[in-house]
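Breakdown of the fold
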Amino acid sequence: QMTFVESGGGLVQPGGSLRLSCAASGSIFSSYAMGWYRQAPGKQRELVARISNRSFRRNYSDSVKGRFTIARDNAMYTVYLQMNSLKPEDTAVYYCNWIRDYDLGSAAGSWGQGTQVTVSS
């Protein structure tokens with residue numbers, strides 16, 4: 001089982017950038033796909049980006065495609081989310097989690113505390 005600690009969130013103006021990090025515990029990190037999810041107030045948590053265990057596959061939700069980039073460093077047990085051209089609708093708490101079935105994209109582990117991203121002028 002893995003645990004996750006997300007960081008890097010903050011307040012940013014529309015059009016700005018942030019880089020989120022997710023540090024995972026456990027050497028099994030490199031065996032599994034990872035995903036970034038977000039939950040806005042009053043909405044369900046949604047998957048915004050996922051990456052396969054060796055980074056050969058990356059997929060994004062339509063709402064972030066072309067603006068967000070997911071990457072991972074298996075030696076550091078860390079997954080990143082580079083967010084550019086941020087919009088107010090990107091405001092949410094962002095979480096990472098491991099994915100058992102890449103095509104389904106369902107989170108398989110317990111959630112961390114997340115990191116708050118607020119996009120506002």
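Residues numbered from 1 in each chain as written. Predicted model: local features only at pLDDT ≥ 70, side-chain atom pairs only at ≥ 80, totals over all residues. Heavy atoms only, no water.

Considerations on the sheet that holds strand E5 (residues 46-51)
Read from one edge to the other, the open sheet built from 6 strands follows the order E2-E10-E9-E4-E5-E6, with strand pairing classed as mixed. The sheet is open, and its two edges are formed by strand E2 (10-12) and strand E6 (58-60), each paired on a single side. For this sheet, the mean inter-axis angle between neighbouring strands, taken without regard to orientation, is 25 degrees. (Pairing = 2+ DSSP bridges. Helix = DSSP H or I, 4+ residues; strand = E, 2+ residues; numbered from the N terminus. Axes fitted to C-alpha atoms, helices over the stretch in contact; angles between N-to-C directions.)

Some thoughts on the packing of aromatic side chains
Under the defined criterion, the tally for this structure stands at 4 aromatic pairs. Summarising the aromatic geometry, the rings of Tyr 37 and Trp 111 are spaced 5.1 Å apart at their centres and angled 85 degrees between planes, so their arrangement reads as edge-to-face. With Tyr 37 in strand E4 (residues 33-39) and Trp 111 in the loop between strand E9 (92-99) and strand E10 (115-119), this residue pair connects regions lying 74 residues apart in the sequence. For Arg 72, the ring lying beneath its charged end belongs to Phe 29, and the centroid distance is 4.5 Å. (Phe/Tyr/Trp six-rings, centres within 6.5 Å; stacked < 30°, edge-to-face > 60°. Lys NZ or Arg CZ within 6 Å of the ring centre and 35° of its normal.)

Here's the deal with the nonpolar core
Counting 27 residues, the largest nonpolar core has Phe 4, Met 34, Trp 36, Val 79, Leu 81, Met 83 and Tyr 94 as its most contacted members. Setting aside residues up to four positions removed in sequence, Val 79 forms contacts with Leu 20, Ser 21, Cys 22, Phe 29, Met 34, Trp 36, Ile 51, Ile 70, Ala 71, Arg 72 and Cys 96. (Core = buried A, V, L, I, M, F, W, Y, C linked by side-chain atoms within 4.5 Å. Buried < 20%, exposed > 50% of the residue type's maximum accessible area, 1.4 Å probe, protein only. Contact = heavy atoms within 4.5 Å.)

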